[in-house]
Amino acid sequence: ACTGIENIDEAITLLEQNNWDLVAAINGVIPQENGILQSEYGVETLHGPAYGPSSHSAAASSAPSSSSAFRHVVPSRQIVERQPRMLDFRVEYRDRNVDVVLEDSSTVGDVKHILENELQIPASKMLLKGWKTGDVDDSTVLKSLHLPKNNSLYVLTPDLPPPSSSHSGALQESLNQNFMLIVTHREVQREYNLNFSGSSTIQEVKRNVYDLTSIPVRHQLWEGWPSSATDDSMTLAVSGVTFPCHRLTVGRRSSPVQTREQSEEQCTDVHMVSDSDGDDFEDATEFGVDDGEMFGVASSALRKSPMMPENAENEGDALLQFTAEFSSRYGDCHPVYFIGSLEAAFQEAFYGKARDRKLLAIYLHHDESVLTNVFCSQMLCAESIVSYLSQNFITWAWDMTKEANRARFLTMCTRHFGSVVAQTIRTQKTDQFPLFLIIMGKRSSNEVLNVIQGNTTVDELMMRLMAAMEIFSAQQQEDIKDEDEREARENVKREQDEAYRISLEADRAKREAQEREMAEQFRLEQIRKEQEEEREAIRLSLEQSLPPEPKEESTESVSKLRIRTPSGEFFERRFLASSKLQVVFDFVASKGYPWEEYKLLGTFPRRDVTQLDPNKSLLEVKLYPQETLFLEAKE
């Protein structure tokens, strides 16, 4: 799209010549006055043949221009930027513990804001205690407190009444009740009778109504909710709806009338995006495209509104804006993003029947990455990728551009995937985004199969998606088989009479006992073999480490020892009288009688030789010139 080179072999050759450095390869292809500027670290501009879409032999210009269209591809500021330090907080409130992960550039107020969403307590009513440096206020920056990485805090709410046991009991009973919501669709005059548990939230009701009426949550206009239902995260049990039935009316919210200036501005932006395609990019350099455009997409259109609000009350609303903004930038042919929290995406992907389970794909967007526009427009929105994702994946997205959203996702990532995966994402540089995480649900945990960075191709992306799908399919077949076998066993149990069921249970118990017995025998046999092999290895090692046996005609003093085994056999050997007693112990052990299990006894007088100092010589322990010893197993 940038160079006009469509021959893949030629493109790979250029990349290999530049050691797969994309920036250097582009500098070598596009005329030098439109290439990437040198950074302040002295990166040399390539001076060589500039390959273009029309001529591959034209000479490159000698001086780079200061108004390069690609100047921000390698921002020198990002090279020296310090990686933010992350702080972990364990916050205790009554019988709850909340884990919070934030950068040290955040404030105490940011911590309270996260706790406000987790604990459903207003930040103004919250006293955050446990700071090692004394009292702080909401504007205090965490970095100024010089905190360790791991911190423990606790929350006090003196202005809030303590929870009463009777109220808790009544609330629990309401959560277990089923509510009938009779919802009337105003435009088509149709009623829907919907059953929800008391633990369902108002947001879940609205999402279900969206599935029935095709009215997005943000466009729904409701009548009939109680005045106490002020927050979509409230459960029906506490919202004040009438039990057991409650009537509601929903319609589509009318759009406000746009002013002429707004309409013209919107039309202008749409024209900029639609006209900036790959075909016009070749001519862009001739007319002095400024730094605001990158890969044929106007940055003013991209920065018109963020992909996701920085402090959205719930993840569902944030994903609605993300989907709408994504469609406005890259068109309607894109993956169908799951609207809801990450926990809800887990439930949808992993916790249904085995045949209905899917992989979870998490797309992490970053507007400041130079790879984002190309990845979204050419790979993520490719029809083959969109079709494959819709058939085999639940796709969930998040915007990492804003620091608050980044910290919020890292907190979710730590909670669901562990600190290792969170640290891996935390260390990713901006230019490595966007990221595509492939998650597979297992019985006890969620496994990250693959982390795909933005510098990929459609074929490579499809290949990695298919590889993940192969792993998932094998696991899914096992789960389906287990599930089918379980259902078959349950059907057999229902059809059989009590006597047959008892007999089946007895047979299964007998078989399991036999298998356990065989497994235990096999385990003991393995242990015995390992012990024998270990003892044999020790015996051979000791045998090889023994000094050579002195000859009978040796001029040195020689002690002759005769040793009787517990089985009645004898073995003899000559030792130098100056040899240490440990040599005798090693000799006996090399014959299969380690001194840890056997004791060596003298005859006259009867004594336990193994109790003597092994560093003394045979002459010192009076085993010279000859002695008869016998082995006896220790108790």
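You'll find the protein entered in an unreviewed UniProt entry as FAF1 factor, with Ploceus nigricollis given as the organism.

A tally of regular secondary structure across the protein gives 19 helices and 19 strands. A total of 635 residues make up the protein; the buried ones form 39% of that total. Long-range contacts, defined here as pairs at least 24 residues apart, represent 64% of the contacts in the protein between residues at least 6 apart. Only carbon and sulfur atoms are counted for the fraction: they give 50% of the accessible area of the protein, which is about 36,600 Å².

This part is about the nonpolar core. In this structure, L360 and W396 are the most contacted members of the largest nonpolar core, which totals 60 residues. Beyond its immediate sequence surroundings of up to four residues, L360 is in contact with L342, A345, F346, A349, F350, F393, I394, W396, L437, I438 and I439.

All right, on to the sheet that holds strand β2 (residues 96–103) then. The mixed open sheet is built from 4 strands, whose spatial order is β2-β1-β4-β3. What marks the edges here is a single partner per strand, and that holds for β2 and β3 (127–129). Strand-to-strand twist across the sheet, computed as the mean angle between neighbouring axes with direction ignored, equals 30°. This element, helix α4 (residues 108–119), spans β1 (86–93), β2, β3 and β4 (150–156) of the sheet and lies at about 140° to β2. Each of β1 and β2 touches helix α15 (residues 403–417); the most contacted strand, β2, lies at about 135° to it.

Our focus in this paragraph is a nonpolar patch on the surface. Residues I8, I12 and W20 make up a contiguous nonpolar surface patch of roughly 320 Å² in combined accessible area. The residue W20 is located in the loop between α1 (8–17) and α2 (22–29) in this model. We classify W20 as exposed; its relative accessible area is 54%.

Before going further, it helps to examine empty space enclosed by the protein. The full count for this structure, using the stated rule, is 2 cavities of 30 Å³ or more. Considered as a void within the structure, the largest cavity measures approximately 40 Å³ in volume. Together, G130, W131, K132, L147, N151, S152 and L153 line the largest cavity. In this model, the second largest cavity occupies a volume close to 30 Å³. As for the second largest cavity, its lining consists of F585, V588, Y593, W595, Y598, K599, L600, T610 and L631. Elements represented by at least two residues in the lining of the second largest cavity include exactly α19 (581–590) and β17 (598–602). It is β17 that provides the largest number of residues to the lining of the second largest cavity, a total of 3 residues. The class makeup of the residues in the lining of the second largest cavity is 7 nonpolar, 1 polar and 1 charged.

Time to look at the side chain of R573. As for its position among the elements, R573 is in strand β16 (residues 570–576). Buried and unpaired, R573 has E549 as its nearest opposite-charge partner, separated by 4.6 Å. R573 has contacts with P547, P548, E549, S559, K560, L561 and F587, leaving out every residue within four places of it along the chain.

Taken as a whole and judged by the stated rule, the model has 29 salt bridges. Among the ionic pairs, E597 bridges to R535, the shortest N-O distance being 3.6 Å. Taken together, the residues span a long stretch of sequence, with E597 in the loop between α19 and β17 and R535 in helix α18 (residues 498–545) at a distance of 62 residues. On the accessibility criterion, E597 (37% relative accessible area) is partly exposed. Residue R535 is classed as partly exposed on the basis of its relative accessible area, which comes to 41%. E632 is the salt-bridge partner of R606, the closest N and O atoms lying 3.7 Å from each other. Residue R606 is located in the loop between β17 and β18 (607–608), and its partner E632 is located in strand β19 (residues 626–633); the two are separated by 26 residues in the primary sequence. Using a relative accessible area of 56% as the deciding quantity, one classes R606 as exposed. Put simply, E103, E403 and R406 are held in one network by salt bridges that share partners.

Before going further, it helps to spend a moment on unusual backbone geometry. Geometrically, the link from F433 to P434 is a cis peptide bond, its omega value of 0° lying close to zero. Of note, P434 is situated in the loop between α16 (419–426) and β13 (435–441). The backbone of H146 sits at a positive phi, close to 55°, despite the residue not being glycine. Here H146 lies in the loop between β3 and β4.

Another point: the sheet that holds strand β8 (residues 245–252). The mixed open sheet is built from 4 strands, whose spatial order is β6-β5-β8-β7. Only two strands of the sheet have a single neighbouring strand rather than two, namely β6 (190–197) and β7 (220–223). Taking each pair of neighbouring strands and ignoring which way they run, the sheet shows an average axis angle of 30°. Sheet strands in contact with helix α6 (residues 202–213) are β5 (178–185), β6, β7 and β8, and its direction is about 145° off that of β6.

Criteria and cut-off values
- Each chain carries its own residue numbering, running from 1 in the written order of its sequence.
- Given that the model is predicted, a residue must reach a pLDDT of at least 70 before its local features are reported, and side-chain atom pairs must reach 80 or more before they are shown or counted; all residues, however, enter totals for whole chains, interfaces and linings.
- No hydrogens and no water enter the side-chain calculation; it runs on all heavy atoms of the structure.
- Note on conventions: DSSP H or I runs of at least 4 residues are helices, E runs of at least 2 residues are strands, and numbering of each starts at the N terminus.
- Burial here depends on accessible area, computed with a 1.4 Å probe over protein chains only, as a share of the maximum for the residue type. Under 20% is buried, over 50% is exposed, and the range in between is partly exposed.
- Here, two residues are considered to be in contact whenever any of their heavy atoms come within 4.5 Å of each other.
- For accessible areas, the Shrake-Rupley method is used with a probe of radius 1.4 Å. Any residue's cover is judged against the shown protein chains and nothing else.
- Each nonpolar core is a collection of buried residues, namely Ala, Val, Leu, Ile, Met, Phe, Trp, Tyr and Cys, held together in the definition by side-chain atoms within 4.5 Å.
- Two strands qualify as a pair provided DSSP detects at least 2 bridges between them.
- Axis geometry follows a simple rule: fit a line to the C-alpha atoms, using only the stretch in contact for helices, then measure angles between N-to-C directions, giving values from 0 to 180 degrees.
- Candidates for patches are residues over 30% relative accessible area with no salt bridge; among them, like charges are joined within 9 Å and nonpolar side chains (Val, Leu, Ile, Met, Phe, Trp, Tyr) within 5 Å.
- Here, a salt bridge means any side-chain nitrogen of Lys or Arg that lies within 4 Å of a carboxyl oxygen of Asp or Glu.
- Residues are said to line a cavity or pocket when one of their atoms sits within 4 Å of a point; the points come from a 1 Å grid over protein atoms alone, cavities being sets where a 1.4 Å probe fits but cannot get out and pockets being open sets with protein on both sides within 12 Å along at least five of seven lines.
- Grid points are joined across faces, edges and corners, and a volume is the space filled by probe spheres set on the points.
- Note on residue classes: Ala, Val, Leu, Ile, Met, Phe, Trp, Tyr, Cys and Pro are nonpolar, Asp, Glu, Lys and Arg are charged, and everything else, Gly too, is polar.
- In this count, Lys and Arg are taken as positive residues and Asp and Glu as negative ones, while His and the chain termini are left out.

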